[in-house]
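Descriptive analysis of the structure
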Amino acid sequence: MAEWEPVAGLLRSKSATLGLALIAFVLGVALLGPALAPHDPFRTAPLERLAGPSAAHPFGTDSLGRDILSRVIYGARISILIGLISVSISLFPGTLLGLVAGYFGRRLDSAIMRAMDMLLAFPAILLAIFITAILGPSLPNTMIAVGIVYIPHYARIVRSSVLALKEQLFVQAIAHLGGGHGRILFRHVLPNALPPIIVYATLGMGTAVLQAAALGFLGLGAQPPQPEWGVMLSEGRQYLQIAPHVAAFPGAAIFVLVLGFNLLGDGLRDVLDPTLRSM
Amino acid sequence: MPLGYFGKRLLHLAFVLLGVSLIVFLMLRMIPGDPARLLLGEFASAEDLARLRAQMGLERPLPVQYGLYLGRLLQGDLGRSLRNGAPVASEIGQRLTATAELAVAAMLIATVLGIAAGVVSAVRPYSLFDTAAMLLALLGVSMPVFWLGLMLMYLLAVRFPVLPLMGRIGMGNEPEALTGLMLVDTLLAGGLEAFLEALEHLVLPAFTLATVPMAIIARITRSSMLEVLQQDYVRTARAKGLEESVVVLRHALRNALLPIVTVLGLNLGLLLSGAVLTETIFSWPGLGRYVVDSLMARDYAAVQGCILVFAVIMAVINLVVDFAYAALDPRIRIHG
Amino acid sequence: MRRIPIIVMAAFLVCVSFSGGSAAETPRTGGTLVWGRGGDSVTLDLAQATDGESIKAGIQVLENLVIFGKDSMHVEPQLAESWSVSADGLTWTFKLRKGVKFHDGYPFNARAVYDSFARVLFKEHPYHGYGQWKYVSLSLAPVKDIRVIDDYTIALVTEKPYAPLLNNLALWLCPIVSPRAMAEYKDKIGMHPVGTGPFKFKSWVKDDQIVLERNPDYWGEKARVDRIVLKSIPEPSARLMALQSGTVDIADDLDPDSIALVKKNPKLAVIERPSINVGYLAFNTQKPRFQDPRVRIALSHAIDKETIIRSIFAGLAIPAKNPFPPSIWGYNDKIVPYEYNPQKARKLLEEAKFDFDSEIELWAMPVSRAYMPEPVKTAELIQSYFAAVGVKAKIVRHEWGAYLSKTQNGEHDLCMLGWLGGNADPDNFLYGLLSADTAKPPAANVAFWKNAEFTELCLKAQKTFNQAERTQLYLKAQEIFHAEAPWIPIAHSTIVRSYSKKLHEVPLRPNGLNSFPMVWKEK
């Protein structure tokens, strides 16, 4: 069956398989969360703080004596959510704007794309800082901020795919047959513009997790006592010399998840869209 | 028509800058927190607060504030810092060169190492080198920059002290700041030793900042090279018995450069973003740190000035990339 | 970002410490002192400064008419040799030191004092528009006229008798700046400070370093190190590494865990001083659920202060039971603190019919302060203590400016804050932070606690000049405070300076602000 070809191709790709496996692992941990965690991730035990890995606490304890393993396990959900939600926030408006700009062209196109240029004039992290500062630091706001930052990227990618597709005969043929704009856009243009978006969105989940961590570093990320990996990591830097495990385990967790998204993104790119390179 | 094209780009830039200035102005006012209150802290009396707010011009209606700001801006005046009353333009000028030096050094490292690794990997695909290089590249984009920087610092400057920990040059060796670029100033002052010292100080922060773009460039170079190496003209060149190095560098790389240039342009923007964190970690007195500090203190004028400068830099980079594109690929004609 | 408005208080604790080395060592002249700190100065014109980083650098360069002593709460002469107050208490006359020159060679005289003060006070003074005079109400506000009597005599006239004026003049806010420099640099005087101090300003690379050099023509004992370099190192873990690797000689504002590491390092030293601050958790007593003192007392029993101090403060604090620390006179040591007892807390809450189902908001400061070095972690710990007695608390954070205005408007349920006692007087804490008079928005009394008897005692004490009598009034006031429990006082933190053992005679005032003329550095 022809439509299964990409999946088979994906599974043939070593990097995609590994990426999928890593993501599946984190996802599994996220879903099973409470069942896996040996302790309550919020229970403080200040007198057992900064203890190294032991049988009772395989990943050690943090500065308030909480079990780091349990916190990392609970954090999996948050990080997966950060990836999914931030990417959705950039993906849907970005795609829509790109579709409209590319398909209708002219004034609408230049209005949309100039607005996108204005957003792109900000360095990404700065725009994210701005938005979290306005909305107030919290996990949902971090996701919104990271999401908004990448809207122009999707708009640009989709727009350029649409521009290329528009020239192709079949869209013009459908237009001649009298299809409405909405129908043409969503039934015919969008599906053909999907592959690069899928690849970019996959890679974008990794980027989102890293951006959220950077915001955490600046004190604008998720709020305590939420076990967000980025915040845990940046808290841990204070104990780099006394208790390196505090930063090491959340750091490793971020790394595994981001690596998973990157590997999968690479694999998808090879399968779906070998010409897509400039990202 | 190049002139028309250029004019159009300038117009476009002016429009974007105007938009950006308005967006920044509005966003800053939407952030909760009063600069006067932040400056005065928990020990201020209500009278002191009211006086400072009036002095800062915060009591005027917003459209008036923006109008005044825009009026000054058109005369090339970025206004005065709310924190210390210094002209924002000079505050930015003092820090811009530090960021420029760091960013250029990082870009050089990223480009040279990235392209080299990409080319070698493409020439010997699936070799040990290729695997290792691509793995490293993957690692580079999969970890938080601030974490990498702190690790490098701890390992290479504290645990095994081979490189200086922070700053731009050793204490007391500062040359007269003629250009603001430490490498240039030390050379102008005629001190080779000082120059090498400045270079040493640059290594860790520049390398940290370079990691992400380097990884991206290496990957893009590899895939672009792989594709080009399959092309007929490369086979022809090989068949003609040209030396492999000539084939790779003269024929293949030149043609593979196109996508690489695009990525380079995009990544300079990324560097400005990375600079915010790298400068904080390495105590580098640059613009990235300044803009975050200013934002935290709600120093409206300073933030507005910085973002405008960033926007201009990005626009110039985009312009340069477009021209480089045209220069590299005769098929692309710049048209208005 | 680290801005620490600090009121210089009288330092009655021993302030000069002799580190490590034996007394036989003779001080060396020369060398560079490198001082690592969390951020850059904002301005070096201290009349405009509100943050610790500016004051730290500025007090090396600028001097005042009078200054706090190093080990007493008496004000001592600096640029003024003597002073007197008129019989009506309105006119203060200062005799100035002769033969002193500013760093730019301009002579110090009454005219210089006039310009330095008048620019702050009088709108019509030509230099008034060159600066933002931020804390006038803390410094010169009571002065309504300045009279130059002769070259070396100046008089300040106040509207009504105002005894604390002398203490105000000793604050960093009242420096004497060279009139020539003020005229020359205009609104850039903050970038080019010219004073009479033991060090003179050399250069400033923004966000990087400020270099100060020994003033060879100093009127007093000349500084020992050749220069001081103040380095901005914003990342705390990098600041620690800089101290360990010898990149800096002093590292400011390290977190308590890092200080523990410094203590273990044979090359490094730490000095500690009890501070005169308090970190507290205030109930908003206007909210219905905290109106009942039984609820407030119950929650006081729920918190284990000893553990908070052992873990989060790494031992660098003492638990608080009163609103001000024992280092200030009038402290009521007979008060028995509410002991940590979760069972009792739970029982009291049940008796008071506390609503366990709805969540309370626990406001945590977004910035770290000497009185609350790790506010967020402290809040997390308190949250878990509350959870242990069945009280659900949600940690709420706002940025610092919003946090201050919102708490002063009473939008919080419970909030964390602290205070540093400016003039080391109990009035500063009790009347200032807890009286009914200060409970109107914008309120310094963020508990919005209005107790008529307490306020009456404070007001009576203000009009009483006999310290023994005042003490009695304050002891009684603290009893009321304890019984009503509008706050949970948490800790009085210890002030710390971490430095390399190469340095000697490193001073530390309880507010962390010192001029460094006597510090010397081994080769």
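Here, every reference points to the structure presented above.
One structure accompanies this document, and this report is about it. (Residues numbered from 1 in each chain as written. Chains lettered and ligands numbered in written order. Predicted model: local features only at pLDDT ≥ 70, side-chain atom pairs only at ≥ 80, totals over all residues. Heavy atoms only, no water.)

Some details on the interface of chain B and chain C
A common measure of how large an interface is: the accessible area buried when the components associate. The interface is formed by 46 residues belonging to chain B together with 48 residues belonging to chain C. When chain B packs against chain C, the two sides together hide about 4100 Å² of surface, and 58% of this comes from carbon and sulfur. In terms of surface lost to chain C, no three residues of chain B exceed Glu42, Phe43 and Met171 of chain B, which account for 20% of the buried area on that side. At the surface where chain B touches chain C, the tally comes to three salt bridges. A salt bridge links Asp187 of chain C to Arg80 of chain B; the shortest N-O distance between them is 3.0 Å. Counting across the interface, chain B meets chain C through four residue pairs in polar contact (both at pLDDT 80 or more). Elements that contribute at least two residues to the side of chain B that touches chain C include exactly helix H2 (35-40), helix H3 (46-56), helix H5 (88-123), helix H7 (145-159), helix H11 (244-281) and helix H12 (287-296) of chain B. Looking at which element gives the most residues to the side of chain B that touches chain C, the answer is H3 of chain B, with seven residues. (Contact = heavy atoms within 4.5 Å. Buried area = accessible area lost by both parts, 1.4 Å probe. Salt bridge = Lys/Arg side-chain N within 4 Å of Asp/Glu carboxyl O. Polar contact = N/O pair within 3.5 Å; in protein donor to acceptor, adjacent residues only side chain to side chain. Helix = DSSP H or I, 4+ residues; strand = E, 2+ residues; numbered from the N terminus.)

A closer look at the interface of chain A and chain B
Taken together, the contacts link 37 residues of chain A with 46 residues of chain B. For the pairing of chain A and chain B, the buried interface totals around 3800 Å² over both sides, and the portion due to carbon and sulfur atoms is 81%. At the surface where chain A touches chain B, the tally comes to one salt bridge. Residue Asp266 of chain A pairs with Arg219 of chain B through a salt bridge whose shortest N-O separation is 2.6 Å. Between the two partners, chain A and chain B, sit two residue pairs in polar contact (both at pLDDT 80 or more). Ranked by residue count, the leading element in the side of chain A that touches chain B is helix H11 (residues 245-272) of chain A, at nine residues. Partitioning the side of chain A that touches chain B into residue classes produces 27 nonpolar, four polar and six charged. (Nonpolar A, V, L, I, M, F, W, Y, C, P; charged D, E, K, R; others polar.)

Considering the sheet that holds strand E7 (residues 153-158) of chain C
All names here are of chain C. Judged by pairing direction, the sheet is antiparallel, and its four strands sit side by side in the order E4-E5-E7-E6 without closing on themselves. The open sheet has two free edges, formed respectively by strand E4 (80-85) and strand E6 (143-150), since each of these has just one partner strand. Ignoring strand direction, the axes of neighbouring strands in this sheet form an average angle of 20°. Pairing between E4 and strand E5 (residues 91-96): five bridges, direction antiparallel. What sits directly across from Ala80, in E5, is Leu96. (Pairing = 2+ DSSP bridges. Axes fitted to C-alpha atoms, helices over the stretch in contact; angles between N-to-C directions.)

What to know about the pattern of salt bridges
Residues and elements named next belong to chain C. One pass over the full model with this rule turns up 43 salt bridges over all chains. We note a salt bridge from Lys521 to Asp249, for which the minimum N-O separation is 3.0 Å. With a gap of 272 residues between them, Lys521 in strand E20 (residues 520-521) and Asp249 in the loop between helix H5 (236-244) and strand E11 (250-251) connect regions that are remote in the sequence. Judged by relative accessible area, Asp249 falls into the buried class, the value being 4%. Lys406 is the salt-bridge partner of Glu411, the closest N and O atoms lying 3.6 Å from each other. A relative accessible area of 37% places Glu411 in the partly exposed class. Exposure remark for Lys406: the relative accessible area of 25% places this residue in the partly exposed category. When salt bridges that share partners are traced, they join Arg37, Asp40, Glu53, Lys56 and Asp252 into one network. (Buried < 20%, exposed > 50% of the residue type's maximum accessible area, 1.4 Å probe, protein only.)

Quick word on the nonpolar core
Judged by nonpolar contacts, the single largest core of 304 residues is most densely connected at Phe130 of chain A together with Leu65, Phe94, Phe117, Ile146, Leu281 and Phe386 of chain C. The element contributing the most residues to this core is helix H9 (residues 181-217) of chain A, with 18 residues. When near neighbours in sequence (up to four residues on either side) are disregarded, Phe94 of chain C contacts Leu65, Val66, Ala80, Ser82, Trp83, Tyr152, Thr153, Ile154, Leu156, Leu166 and Leu169 of chain C. Of all hydrophobic cores here, the second largest spans 38 residues; its members include Leu102, Ala105, Ala237 and Leu253 of chain B. (Core = buried A, V, L, I, M, F, W, Y, C linked by side-chain atoms within 4.5 Å.)

With respect to the pairing of strand E8 (residues 199-205) of chain C
All names here are of chain C. Relative to strand E9 (residues 209-214), E8 runs antiparallel, the two being bridged by six bridges. Considered in E9, the bridge of Phe199 is made with Arg214. In this structure, the hairpin formed by E8 and E9 is closed by a connection of three residues, where Asp207 is found at a positive phi of approximately 65°.

What to know about the environment of Arg509 of chain C
Residues and elements named next belong to chain C. Its place among the elements puts Arg509 in the loop between strand E19 (503-504) and E20. Under the relative-accessibility criterion, Arg509 is labelled buried at 10%. Separated by 14 residues in sequence, Arg509 and Ile495 have C-alpha atoms that sit 8.5 Å apart.

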